[in-house]
Amino acid sequence: MSDFSPAPGLQPWQRTAAGAGLLAADGTIAATIFAEMSALAARTGAINLGQGFPDEDGPAEVLEAARQAIADGVNQYPPGIGMPVLREAIAAHQRRFYGIDVDAASEVLVTAGATEALAATILALVDVGDEVVTFEPYYDAYAALIARAGGVHRTVPLRFPDWRPDLDELEAAVTDRTRIILVNSPHNPTGAVLDADVLASIVRLAGRHDAIIVTDEVYEHLTFGAPHTPIASLPGARERTISISSGGKTFSTTGWKIGWITAPAALVTSVLAVKQYLTFVNGAPFQPAIATGLGLPDAVFADAAATLRDKRDLLAAGLEAAGFTVSLPDAGYFVVADAAPLGYSDGAVLCRELPERAGVVGVPVSAFVHPDRQDAYRSLVRFAFCKRHDVLEEASARLSRLTAG
């Protein structure tokens, strides 16, 4: 277990950068690892498996619904809490897949992607000195937002290759100072799906210490055999849980930035108080399109996961053939591979050399970890498999150069 709070005396923007590990000693801000690796891919012509965006469109019905909405004039400000058609579709989705009943009028809020939902939630609920517990590695926005709010980021490690948290370490991390337990499952970057014992422990600890549970469930439909269980569906959790998801990953529309929260009305009101002064509203023609997606048959969701699972297996096999040790993910867009068997103790060094050596770009897992915890993750690299089969086949062929000859 570790905790991180930026040094005193920083400007708010510096504190935000420091939380994400991007503030240099001289006060300058480094580029995110995603920007650095994407620029490296563009400069070298390498295949970019660093950033998690698909290179294929999602369901035709969803895309056509957006075109139709534009043609029908749905191009002005939507309601501040989101268009009724989408809020009702989100409520129906929660009931259909998870048996969770939410009131579309008061317990659903549409946001500019899950990232804005996270930002508005953390800024609404976290005050200076409040502690926020996450698992580590973590999505980098968590650390930045916690720091911006003046909170203290406490982490519980997930360890390669099975990524299951130690329940004693989780219990030690959650105290009466904990304001939020932020749970990302299915998890980025590891692809872990938290099991029933872990979820039950989170609910129990939140109740004991009067903490709010905030969930990031954007990969909820992209699981490979390990079922996703929303915490809000568990006994004792609903009244203290803010569930966050989006349509970007499920429907391969990451650029649309349509996300949402579902939560008790009082918590929605708290988040809306901040959210309405961030983007105000967004994506009018995309909101009915995502509503169309949420209402598609079960087979569409199952086929999306099955297709992604095939891609996972393809890239994992290529990485193993190239000499990496691979942790096969249970969900999501990414596979984590250990470069130590290739003689690389530092994944960041490998990632900067990989475009020239093999024509492929990945991201070091150390980018998702606080500085004092990086040694345990230093040799690990994250690769995205949400790409076309031919791209993954070519990437696998290129990676074979690492052990050729």
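Residues numbered from 1 in each chain as written. Predicted model: local features only at pLDDT ≥ 70, side-chain atom pairs only at ≥ 80, totals over all residues. Heavy atoms only, no water.

(A) Looking closely at the sheet that holds strand β13 (residues 363-364). Strands sit in the order β10-β11-β14-β13 across an open sheet of four strands; the sheet is antiparallel. Edge positions in the sheet fall to β10 (325-327) and β13, since each of these pairs with one other strand and no more. Inspection of the sheet shows strand β11 (residues 334-338) paired to strand β14 (residues 380-384) by five bridges, in the antiparallel sense. For V336, the partnering residue across the bridge sits in β14 and is R382. (Pairing = 2+ DSSP bridges. Helix = DSSP H or I, 4+ residues; strand = E, 2+ residues; numbered from the N terminus.)

(B) Structural detail: the packing of helix α4 (residues 84-98) against helix α10 (residues 286-294). At a closest axis distance of 8 Å, the pairing of α4 and α10 adopts a crossing angle of 20 degrees. Viewed along their axes, α4 and α10 adopt a mutual orientation that is roughly parallel. The hand of the α4/α10 crossing is left-handed. Contacts between α4 and α10 involve V85, L86, A89, I90, H93 and R96 from the first element and Q287, P288, I290, A291 and L294 from the second. (Axes fitted to C-alpha atoms, helices over the stretch in contact; angles between N-to-C directions. Parallel < 35°, antiparallel > 145°, perpendicular 65-115°, else oblique. Left-handed = near helix turned anticlockwise from the far one by under 90°. Contact = heavy atoms within 4.5 Å.)

(C) Representation of the layout of surface pockets. There is about 530 Å³ of room inside the largest pocket. If you go around the largest pocket, you meet 26 residues; those closest to its centre are G52, T115, Y139, Y219 and K249. Those elements that place two or more of their residues in the lining of the largest pocket are α5 (113-125) and α6 (140-148). With four residues, the single largest contributor to the lining of the largest pocket is α5. A breakdown of the residues in the lining of the largest pocket according to their chemical character gives 11 nonpolar, 10 polar and five charged. Here the second largest pocket defines a volume of roughly 440 Å³. Of all the secondary structure elements, the ones that give two or more residues to the lining of the second largest pocket are α2 (33-44), α6 and α12 (347-358). Ranked by the residues each element gives to the lining of the second largest pocket, the list is headed by α2, at three residues. The residue makeup of the lining of the second largest pocket, split by class, is 13 nonpolar, six polar and five charged. (1 Å grid on protein atoms, 1.4 Å probe; cavity = no way out; pocket = protein on both sides within 12 Å on 5 of 7 lines; lining within 4 Å. Points joined across faces, edges and corners; volume = space filled by probe spheres on them. Nonpolar A, V, L, I, M, F, W, Y, C, P; charged D, E, K, R; others polar.)

(D) Structural context of the pattern of salt bridges. Summed over all chains, the structure comprises 20 salt bridges. R204 is the salt-bridge partner of E171, the closest N and O atoms lying 3.5 Å from each other. Of the two residues, E171 is situated in helix α7 (residues 167-173) and R204 in helix α8 (residues 196-209); the sequence distance between them amounts to 33 residues. Members of the salt-bridge network, linked through shared partners, are D55, R388 and D390. (Salt bridge = Lys/Arg side-chain N within 4 Å of Asp/Glu carboxyl O.)

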